[in-house]
Amino acid sequence: MGWLPESASTYASDIDLGFWVITVIVGIAFVVVEAALVLFLVRYRARPGRRAAYIHGNTTAEVIWTAVPAITVVAIGVWSAGLWSEIKGRDNFPADAVHLAIEAKQFEWNVTYPGPDGQLGTEDDFTRRNALEIPVNRPVVVDLTAEDVLHSFFVPAFRIKQDAVPGMTIPVWFEATKTGEFELACAELCGNSHYSMKGRVRVHTAEDYEEWVRSQSSPEAGQ
């Protein structure tokens, strides 16, 4: 939508809607405040023979400009709570998801895949550097960890961003809706080569993904 990155996940459009709603509200508030500022500058400007008047405020005005932003913020919070729960709520992670593990380190992403048995944490697992390969139209759950410092897993097209914290395993999920190749970046300053911490997300059809997993599971398969 407009100048936002391409939308390629199930909840990207809902996040975009929230972004635009907040942008419009903030835009209206900005115009109203700036218009009032200009009006007051003109109306109450210094004039010859006009003495300054000292007032102690207006209770009604103070209540209005406090209550309106407070109600607006609470309304946005209530409206977005369902989406936040869908994305971040541990009880809402899809049960039929592809399960992967990603370890962030300076300055790379190491992605561990389940082998042909489909189970993560078994002997046929394999790891690829800076390459996140996933199927389209199927949820993916990633166990996110960090080896050294704080990193941030960020796929703009999926509208997903999650910090990777040393000493913690943080699950995150998403579901791609388009095949193709997308950017994986670190969105947290993590050292002098932070700018180079990039990877690719390649979204396959279900059949192509299964074929890719089989081809990568052999001992001689490289990155």
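Residues numbered from 1 in each chain as written. Predicted model: local features only at pLDDT ≥ 70, side-chain atom pairs only at ≥ 80, totals over all residues. Heavy atoms only, no water.

Across two bridges, strand S6 (residues 151-155) lies against strand S9 (residues 180-186) in antiparallel orientation. Bridge pairing in S9 places phenylalanine 154 opposite alanine 185. Where S9 meets strand S10 (residues 198-204), six bridges bridge the pair, whose relative direction is antiparallel. Pairing of glutamate 183 across the sheet is with arginine 200, part of S10. (Pairing = 2+ DSSP bridges. Helix = DSSP H or I, 4+ residues; strand = E, 2+ residues; numbered from the N terminus.)

So, on to unusual backbone geometry. The omega torsion of the bond from glutamine 106 to phenylalanine 107 falls at -5 degrees, within 30 degrees of zero and hence cis. Mapped onto the elements, phenylalanine 107 comes out in the loop between strand S1 (98-105) and strand S2 (108-113). Positive phi, close to 55 degrees, is recorded for asparagine 130, a residue that is not glycine. Secondary-structure assignment places asparagine 130 in the loop between strand S3 (126-129) and strand S4 (131-135). We note that asparagine 137 has phi near 60 degrees; this positive angle belongs to a residue other than glycine. As for its placement among the helices and strands, asparagine 137 is situated in the loop between S4 and strand S5 (140-146).

Judged by pairing direction, the sheet is mixed, and its five strands sit side by side in the order S4-S10-S9-S6-S7 without closing on themselves. The strands lining the two open edges of the sheet, one partner per strand, are S4 and strand S7 (160-164). The sheet shows a mean angle of 20 degrees between the axes of neighbouring strands, direction not considered. Judged from the five bridges that link them, S4 and S10 form a sheet pairing that is parallel. Within S10, the residue paired with glutamate 133 across the bridge is arginine 202. Relative to the sheet, helix H3 (residues 206-216) contacts S4 and S10, its axis offset from that of S4 by approximately 135 degrees. (Axes fitted to C-alpha atoms, helices over the stretch in contact; angles between N-to-C directions. Contact = heavy atoms within 4.5 Å.)

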